[in-house]
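Summary of the model geometry
One letter stands for each residue in the lines below.
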Amino acid sequence: MTQPITKAIIPAAGLGTRLLPATKSQPKEMLPVGRKPAMQYVVEELQDAGLKQILIITGRRKQAIEDHFDTDPVLLSALKQAGNEAMLAELAYIQRDSHFFYTRQSSPRGLGDAVALGAKFVDGESCVVALGDSLIAAPEPSAPLRAMMQAHLELQAAAVIAVEEVPLEETHRYGIVTVKRDPAPPGEPIPIADIVEKPPRGTATSRLAVAARYVFSPLIFEALARTPPDERGEIQLTDAIKLLVQMGHPVYAWLFRPDERRYDIGNFESYFRTFIDFALADERYGYLARQYLKSKAYEL
Ligand code: UTP
């Protein structure tokens, strides 16, 4: 298990029903956040963390994802002929030293089911799972993942899971983790005592919510194979992680540091917030967005 981690799985096969009609014919993961589709941030984060082999789990109406990470000779030659060096540079993300693989989840039977489709690709190695609808904002967006991967290898962990603090009244929307240290220190591995998918209101034992980035040993695929579907017929990744904990395997949480943050674009409120924050922080156009927002503030 000491070999470096090079493989990552991005589940992106969900229906995105909370973002209809925006997601009627285009993947949620391809909605723009500032100047790039959400998924491009995720891929760049993985590439910067040294993950060169990326499996994307897609489904119906997800063709745009493959198109985005594929070269487009016609577009490239048109830009070259026009001498549009700036735009050519914007497309450099495609030329990076990574390999993309795709497989389809024919019906979205839950995040656990999507990840399980990566078993053959991972082929007995450790791997990263990064949700395609969640972005990391940080001075270096790949830093949390790199640190989690290092901890995973050093501790010979079965899993290291990113977590974030959420308000108590929102815990019923997340996978909630109970850790063996209180308060949980950010930026280090903390052993997990329990994990529960969407605990009913008022029953959460902590405010630490699973936050879209995971590092797994191959044990996760055995756990997923033994995880029954929930009452909605979905296989939950959280339930498989719970099984790992119950079997006594070392599973750790990793709380983001104060300057690291997960943005989820899964509903309109969080999508708008994500778009606004990324637009305001944009190095090229952010000042225009900030000026505009200041002018609007008078009207609010
Ligand atoms: P969500 O549960 O937030 O996505 O999954 P969803 O199902 O698309 O959203 P709603 O509830 O219908 O609005 C988080 C990530 O996991 C992927 C999604 O594509 C998303 O990137 N996912 C989810 C799968 O790949 N397969 C699934 O069966 C479920």
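Note: the structure precedes this text.
One structure accompanies this document, and this report is about it. These numbers come from a predicted model, not from an experiment. (Residues numbered from 1 in each chain as written. Predicted model: local features only at pLDDT ≥ 70, side-chain atom pairs only at ≥ 80, totals over all residues. Heavy atoms only, no water.)

**Description of the overall build of the protein chain**
In terms of helices and strands, the protein chain carries 11 helices and 13 strands. Since a compact globule built from 300 residues should have a radius of gyration of about 19 Å, the 19 Å found for the protein chain is in line with a globular shape. Seen through its C-alpha atoms, the protein chain measures out along the principal axes to roughly 60 × 50 × 35 Å. Within the span of the protein chain, comprising 300 residues, buried residues form 48% of the whole. Restricting the contact set of the protein chain to residue pairs at least 6 apart, pairs at least 24 apart contribute 78%. Carbon together with sulfur atoms contributes 53% to the accessible area of the protein chain, which is approximately 15200 Å² in total. Here the protein chain contributes 34 positive and 38 negative side-chain charges, whose respective centroids are spaced 3 Å apart. (Helix = DSSP H or I, 4+ residues; strand = E, 2+ residues; numbered from the N terminus. Rg over C-alpha atoms; globule rule 2.2 N^0.38 Å. Buried < 20%, exposed > 50% of the residue type's maximum accessible area, 1.4 Å probe, protein only. Contact = heavy atoms within 4.5 Å. Areas by Shrake-Rupley, 256 points an atom, 1.4 Å probe, with all protein chains shown as cover. Lys, Arg positive; Asp, Glu negative; His and termini not counted. Charge placed at Lys NZ, Arg CZ, Asp CG, Glu CD.)

**A few points about helix α10 (residues 268–281)**
In a regular helix each residue adds 1.5 Å, so 14 residues correspond to 20 Å; α10 covers 20 Å between its end C-alpha atoms and thus fits that length. Residues of α10 that are buried include every one of Ser270, Tyr271, Thr274, Phe278, Ala279 and Leu280, and no others. The secondary structure elements touched by the buried residues of α10 are β2 (32–33), α1 (38–48), β7 (134–137), β13 (261–264) and α11 (286–297). Among the residues of α10, the N-terminal cap falls to Asn267, whose side-chain oxygen and the backbone nitrogen of Glu269 are separated by 3.1 Å. (Expected span 1.5 Å × (residues − 1). Polar contact = N/O pair within 3.5 Å; in protein donor to acceptor, adjacent residues only side chain to side chain.)

**Considering the site of the ligand**
Taken together, 19 residues surround the ligand, and among them Gly14, Gly16, Thr17, Glu29 and Gln105 come closest. Note that an oxygen atom of the ligand is positioned 3.4 Å from one of the backbone N or O atoms of Ala12. Here Lys28 contributes a side-chain N or O atom positioned 3.0 Å from an oxygen atom of the ligand. Computed on the free molecule, the ligand has an accessible area of 570 Å², of which 82% lies beneath the protein chains in the complex. Residue composition of the shell around the ligand, by class: 8 nonpolar, 6 polar and 5 charged. (Near = heavy atom within 4 Å. Nonpolar A, V, L, I, M, F, W, Y, C, P; charged D, E, K, R; others polar.)

**A look at the pattern of salt bridges**
Going through the model one piece at a time under the given rule, you end up with 19 salt bridges. Here Arg284 and Glu90 are joined by a salt bridge, their closest N and O atoms 2.8 Å apart. Of the two residues, Arg284 sits in the loop between α10 and α11 while Glu90 sits in helix α4 (residues 85–90), which places them 194 residues apart along the sequence. Taking the relative accessible area as the measure of exposure, Arg284 reaches 42% and is therefore partly exposed. Under the relative-accessibility criterion, Glu90 is labelled partly exposed at 32%. Note that Glu165 is salt-bridged to Arg207, the shortest N-O span being 3.7 Å. Highlighted residues: Glu165 in strand β8 (residues 159–165) and Arg207 in the loop between β10 (189–197) and β11 (208–216), separated in sequence by 42 residues. For Arg207, a relative accessible area of 36% corresponds to the partly exposed category. Sharing partners across several salt bridges, the network here consists of Arg35, Glu90, Asp282 and Arg284. (Salt bridge = Lys/Arg side-chain N within 4 Å of Asp/Glu carboxyl O.)

**Observations concerning the nonpolar core**
With 48 residues, the main nonpolar core has Leu46, Leu51, Ile56, Val128 and Leu145 as its most contacted residues. When residues no more than four places from it in sequence are discounted, the contact partners of Leu46 are Ala8, Ile10, Leu51, Ile54, Val128, Ala130 and Leu145. One finds Phe121, Ile161, Val177 and Ile220 within the second-largest nonpolar core, a separate group that totals 40 residues. (Core = buried A, V, L, I, M, F, W, Y, C linked by side-chain atoms within 4.5 Å.)

**Examining the pairing of β8**
When you tally the buried positions in β8, you get 6 out of 7 residues, the bulk of the element. Bridge count for β8 against β11 is 6 bridges, and the pairing is antiparallel. Residue pairing for β11: Glu164 is matched across the bridge by Ala209. Where β8 meets strand β12 (residues 251–255), 5 bridges bridge the pair, whose relative direction is parallel. When the bridges of β12 are listed, Ala159 appears paired with Val251. (Pairing = 2+ DSSP bridges.)

**Brief notes about the packing of aromatic side chains**
What describes a pair of aromatic rings is the distance from one ring centre to the other and the angle between the planes of the rings. Within the structure shown, the criterion is met by 9 aromatic pairs. Centroid distance Phe101 to Phe121: 5.4 Å. Interplanar angle 55 degrees. Geometry classified as tilted. Placement of the pair is Phe101 in strand β5 (residues 99–104) and Phe121 in helix α6 (residues 119–122), with a sequence separation of 20 residues. With relative accessibility at 34%, the residue Phe101 sits in the partly exposed group. For the pair Phe268 and Phe272, a centre-to-centre distance of 5.8 Å together with 45 degrees between the ring planes defines the contact as tilted. Of this pair, Phe268 and Phe272 both sit in helix α10, 4 residues apart, roughly one helical turn. Taken together through their ring pairs, the aromatic side chains of Phe268, Tyr271, Phe272 and Phe275 make up a single cluster. Across from the ring centre of Phe121, 5.6 Å away, lies the NZ or CZ of Lys7, which sits over that ring. We note Lys36 situated over the ring of Tyr41; from NZ or CZ to the ring centre the distance is 4.7 Å. (Phe/Tyr/Trp six-rings, centres within 6.5 Å; stacked < 30°, edge-to-face > 60°. Lys NZ or Arg CZ within 6 Å of the ring centre and 35° of its normal.)

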